[in-house]
Amino acid sequence: MCATCGCGDATGPRVSVVAGGEHEQDDSHGHGHHHDHDHDHDHDHDHGHGHSDHTVILEQQVLAKNDRIAVHNREWMRGRGITALNIMSSPGAGKTTLLARTIRELGRQRPIAVIEGDQETRLDAERIREAGASVVQVNTGAGCHLDAEMIDRALRALDPADESLLLIENVGNLVCPALFDLGEEGKVVLISTPEGVDKPKKYPHIFAVADLVVINKIDLLPYVEFDVDACVAQAKILNPAVRVVVLSATTGEGMDEWYEWIGSRSAISPVAVDN
């Protein structure tokens, strides 16, 4: 049980490597290649029916434990030159399409690995594998977000190459993922034009912590009611320093700016991609 948001599954998340259409490794019980992360993997459970002060204390403990593991994840990846990006959105905004195109185009320059987060199925992981990246699937069951411990387990199973780009596709949700540091170098919030212009107003916390906001599906602007400038203004009110990239992962329009931003978060800057 996640005491922070009330999600959870007694069986815990399931981590599996997807390769050649088969599940090469299942790390459901946390076994796998050891990355010398010096932290415990105990699980905090709320079995009581306590008062609000107890809930607040437990929430603080859950987030503090997550932050400790995230620090170790970040140190481990930085020591190997791995750049991790945490990509968050509501379901259907186009995360997987963006990742697949990025793999096909940017994967010519450096290794790319992906951690896929979904409550169930391996459908998105199969799309990523077909695009050409190594991938592990984390199925969270009733959980509505990834956390640092899940990423630690996924890293053991995935074992990404040194100096690679690690793209973490979080569970489709604009609430809880904002609370959990995974050890990433950048938080990306993806929204799409059919969702409407008011996402920053409705979900302010995730926009406040974002390093980049991506407005996707601009190829649909002639057919939907969406004011790009108004959306950007809303995001800037919440987070004046945030950068906004406007693109279409389907047509490729605006992707160069996305690649340039990835390079700015990485020790290895990509060269221009030929479209």
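A quick note: this is a predicted structure, and the numbers were derived from the prediction, not measured.

Thresholds, definitions, all that
- Residues numbered from 1 in each chain as written.
- Predicted model: local features only at pLDDT ≥ 70, side-chain atom pairs only at ≥ 80, totals over all residues.
- Heavy atoms only, no water.
- Helix = DSSP H or I, 4+ residues; strand = E, 2+ residues; numbered from the N terminus.
- Buried < 20%, exposed > 50% of the residue type's maximum accessible area, 1.4 Å probe, protein only.
- Contact = heavy atoms within 4.5 Å.
- Areas by Shrake-Rupley, 256 points an atom, 1.4 Å probe, with all protein chains shown as cover.
- Axes fitted to C-alpha atoms, helices over the stretch in contact; angles between N-to-C directions.
- Parallel < 35°, antiparallel > 145°, perpendicular 65-115°, else oblique.
- Left-handed = near helix turned anticlockwise from the far one by under 90°.
- Nonpolar A, V, L, I, M, F, W, Y, C, P; charged D, E, K, R; others polar.
- Phe/Tyr/Trp six-rings, centres within 6.5 Å; stacked < 30°, edge-to-face > 60°.
- Core = buried A, V, L, I, M, F, W, Y, C linked by side-chain atoms within 4.5 Å.
- Polar contact = N/O pair within 3.5 Å; in protein donor to acceptor, adjacent residues only side chain to side chain.
- Pairing = 2+ DSSP bridges.
- Right-handed = clockwise from strand over helix to strand, strands pointing away.
- Salt bridge = Lys/Arg side-chain N within 4 Å of Asp/Glu carboxyl O.

## Description of the overall build of the chain
Thinking step 1. Regarding its fold elements, the chain presents eight helices and nine strands.
Thinking step 2. Residue burial in the chain is summarised as follows: out of 275 residues, 53% are buried.
Thinking step 3. Taking contacts inside the chain between residues at least 6 apart in sequence as the whole, the part at least 24 apart equals 74%.
Thinking step 4. Looking at the chain as shown, the accessible area adds up to about 12300 Å², and 50% of this sits on carbon and sulfur atoms.

## A closer look at the packing of helix α2 (residues 95–106) against helix α3 (residues 123–131)
Thinking step 1. Where α2 contacts α3, the axes come no closer than 9 Å and their chain directions differ by 15 degrees. Taken together, the axis directions place α2 and α3 in an arrangement best described as roughly parallel. Every pair of crossing elements has a handedness; the one defined by α2 and α3 is right-handed. For the pair formed by α2 and α3, the contact residues are Thr-96, Thr-97, Leu-99, Ala-100, Ile-103 and Arg-104 on the first element and Asp-124, Arg-127, Ile-128 and Ala-131 on the second.
Thinking step 2. Taken together, the residues of the contact of α2 with α3 break down into five nonpolar, two polar and three charged.

## Focus on the packing of aromatic side chains
Thinking step 1. Counted by the stated rule, this structure contains one aromatic pair.
Thinking step 2. Seen from their ring centres, Trp-258 and Trp-261 are 6.1 Å apart, and the 10 degrees between their planes marks the pair as stacked. With Trp-258 and Trp-261 both in helix α8 (residues 255–264), this residue pair falls three residues apart, about one helical turn. Both residues of the pair, Trp-258 and Trp-261, count as buried.

## Description of α3
Given 3.6 residues per helical turn, the α-helix brings residues three or four places apart onto the same face.
Thinking step 1. Every buried residue belonging to α3 is among Asp-124, Ala-125, Glu-126, Ile-128 and Ala-131, and all of these are buried.
Thinking step 2. A positive phi of about 115 degrees marks Gly-132, the residue just after α3.

## Focus: the environment of Cys-231
Thinking step 1. With respect to the secondary-structure elements, Cys-231 resides in helix α7 (residues 228–238).
Thinking step 2. The exposure class assigned to Cys-231 is buried, which follows from its relative accessible area of 2%.
Thinking step 3. For the pair Cys-231 and Thr-193, spaced 38 residues apart in the sequence, the C-alpha separation amounts to 9.7 Å.
Thinking step 4. In contact with Cys-231, not counting residues within four places along its chain, are Ile-191, Val-197, Pro-200, Ile-215 and Phe-226.

## A short note on the nonpolar core
Thinking step 1. Judged by nonpolar contacts, the single largest core of 30 residues is most densely connected at Val-114, Leu-167, Leu-247, Trp-258 and Ile-262.
Thinking step 2. At the level of elements, β3 (83–89), α2, β4 (112–118), α3, β6 (165–169), β7 (186–192), β8 (212–216) and α8 are the ones that each hand at least two residues to this core.
Thinking step 3. The residues touching Ile-262, leaving out its near neighbours within four places in the chain, are Leu-85, Thr-102, Leu-106 and Leu-165.
Thinking step 4. Residues Trp-76, Leu-146, Leu-155 and Ile-168 belong to the second largest nonpolar core, which totals 19 residues.

## Details of helix α4 (residues 148–158)
Thinking step 1. Taken across its eleven residues, α4 has eleven buried, putting it largely inside the fold.
Thinking step 2. Of all the residues in α4, the buried ones are Ala-148, Glu-149, Met-150, Ile-151, Asp-152, Arg-153, Ala-154, Leu-155, Arg-156, Ala-157 and Leu-158.
Thinking step 3. Two or three places before Glu-149, at the start of α4, stands the capping residue Asp-147, its side-chain oxygen 3.1 Å from that residue's backbone nitrogen.
Thinking step 4. Taken from the residues just after α4, Asp-159 is the one with a positive phi, measuring 50 degrees.

## Quick notes on the pairing of strand β5 (residues 134–139)
Thinking step 1. Most of β5 is tucked away, with five of its six residues classed as buried.
Thinking step 2. Of the strand pairs in this sheet, β4 and β5 are connected by six bridges, and their pairing is parallel. Within β5, the residue paired with Asp-118 across the bridge is Asn-139.
Thinking step 3. The handedness of the β4 to β5 crossover, carried by α3, is right-handed.

## Notes on the packing of α2 against α8
Thinking step 1. For the pair α2 and α8, interaxial distance at closest approach is 12 Å and the crossing angle is 75 degrees. Judged by the angle between their axes, α2 and α8 are roughly perpendicular. The residues of α8 that touch α2, namely those facing Leu-98, Arg-101, Thr-102, Glu-105 and Leu-106, are Met-255, Trp-258, Tyr-259 and Ile-262.

## Structural notes on the pattern of salt bridges
Thinking step 1. Applying the stated rule across the entire model yields twelve salt bridges.
Thinking step 2. Asp-198 serves as the salt-bridge partner of Lys-202, at 3.4 Å between the closest nitrogen and oxygen.
Thinking step 3. Using a relative accessible area of 53% as the deciding quantity, one classes Lys-202 as exposed.
Thinking step 4. Asp-211 is paired through a salt bridge with Arg-265; the nearest N and O atoms lie 3.8 Å apart. With Asp-211 in the loop between α6 (204–208) and β8 and Arg-265 in the segment after α8, this residue pair connects regions lying 54 residues apart in the sequence.
Thinking step 5. You can call Asp-211 partly exposed: its relative accessible area is 28%.
Thinking step 6. For Arg-265, a relative accessible area of 29% corresponds to the partly exposed category.
Thinking step 7. Within the structure, one salt-bridge network assembled from shared partners comprises Arg-243, Glu-257 and Glu-260.

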